[in-house]
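Chain residues, written in single-letter form:
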Amino acid sequence: MRKELRTLLRDRFYLFMALLLPALTLIIMGYGISSDVRDLPLGVLDLDQSAESRRFVDAFTASGYFRLVTRAWSMDALEDELQAGRVRTAVVIPPGFARALYRGQPAQSQILIDASFLTRAEVARGYAEAIVAEFNHARLQAAIRRSAGVPGSAGAPDAVDVDVVGRVWFNPGLETQNYIVPGLVVVSLLFWAPLVVTLSVTREKETGAILNVQTVPLARWEF
C-alpha cells in the first residue's frame, strides 16, 4: 500500500487519472449537459391588441421559460423568424380573442414550436401547456369572485369548491442536475476505478514489478 501510494503521488498522470479526471467528468457532464429550457426565444403575432391578449403574452414572458424577442405584424414575418432560427416558439393571437373571453366562449390561439431539436420542443410544449392552464385557472377564479360579489347572484360560490395545488418535492425547480449528478457519481465509480486499476497493472508489467511479486515467497491469500 505504501508503494502504491508513493507511485501514485510520484506520477502526476496517474494522480490526474485517479482524482481529477473523475471530478472533471462529473462537473462537465453534470452541469454542462442539461435538458432544462430557459429563456427560449419567443415571437408573438398579436392581431387582437387587447388587454387580455397582452396578459396572455405576459403569462409566457413572466414564467422565465420564454424570452420575447420579436413582435411580428404578419404571419409571413413570424414564419420568416421561425425559419431563420431567431424564434423557437411563436404565439399567434387572432382577432376577437378578448371578445370571445368576455362572452364566455372558447378563445383560440396558436402556438408554434420549432421541433428541430425534439427534446427541447417537448419540454417547451409542456411549459406552454402549463402556462395556458394557469392562465385559464386564473381567469376562472377571477370570474367566480366577480360573480360572488354581484348583488342578487343567488347560489354563486364564494370561492372555488376544490382547489388542487401541485407541489414537487426534493426537486422543486425540476432541475436535471439534481438527478443526473448523483447518477454520474455511480457511473464514475464503475468506469474510472477499473480503468485506473488496468493502467496500474499495465504499468507494473512494463516496469517488472509483477515479476518481483511472483518471485517473493507470498501465499495467494497473502497477496
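Residues numbered from 1 in each chain as written. Predicted model: local features only at pLDDT ≥ 70, side-chain atom pairs only at ≥ 80, totals over all residues. Heavy atoms only, no water.

K.L.:
Please clarify how the confidence of the model for the chain should be interpreted in this entry.
P.N.:
In low-pLDDT segments, the atomic positions of the prediction should not be examined closely. Per-residue confidence for the chain averages 80 on the pLDDT scale, and 87% of its residues sit at or above 70. Here residues 152-164 is a poorly scored stretch, pLDDT under 50, and it has 12 contacts once near neighbours within four places are set aside; other chains count. (pLDDT = per-residue confidence, 0-100. Contact = heavy atoms within 4.5 Å.)

K.L.:
Even after reading the chapter, I still don't get the packing of helix α1 (residues 2-10) against helix α7 (residues 177-207), so can you show me in this structure?
P.N.:
Axes are the key here: two packed helices are described by the angle between their axes and the distance separating the axes. Two elements in contact, α1 and α7, have axes whose closest approach is 13 Å; the angle formed by their N-to-C orientations is 95 degrees. Here α1 is positioned roughly perpendicular relative to α7, judged by the angle of their axes. Across the interface between the two elements, Lys3, Glu4 and Thr7 of α1 pack against Ser200, Arg203 and Glu204 of α7. Considered class by class, the residues forming the contact of α1 with α7 number no nonpolar, two polar and four charged. (Axes fitted to C-alpha atoms, helices over the stretch in contact; angles between N-to-C directions. Helix = DSSP H or I, 4+ residues; strand = E, 2+ residues; numbered from the N terminus. Parallel < 35°, antiparallel > 145°, perpendicular 65-115°, else oblique. Nonpolar A, V, L, I, M, F, W, Y, C, P; charged D, E, K, R; others polar.)

K.L.:
For this particular structure, what's the right way to read unusual backbone geometry?
P.N.:
Note: most residues except glycine have negative phi, and most peptide bonds are trans. For aspartate 39, which is not glycine, the phi dihedral falls at a positive 50 degrees. Its location among the elements puts aspartate 39 in the loop between α2 (12-31) and β1 (40-46). Residue glutamine 49 is not a glycine yet carries a positive backbone phi of 50 degrees. Relative to the assigned elements, glutamine 49 resides in the loop between β1 and α3 (51-61).

K.L.:
Help me out: how do you make sense of α7 in this one?
P.N.:
Along its 31 residues, α7 runs 42 Å from first to last C-alpha, staying within 8% of the 45 Å computed at 1.5 Å per residue. Considering only its buried residues, α7 is in contact with α1, α2 and α8 (209-215). Once α7 ends, the next one or two residues include glycine 208, with phi positive near 85 degrees. (Expected span 1.5 Å × (residues − 1).)

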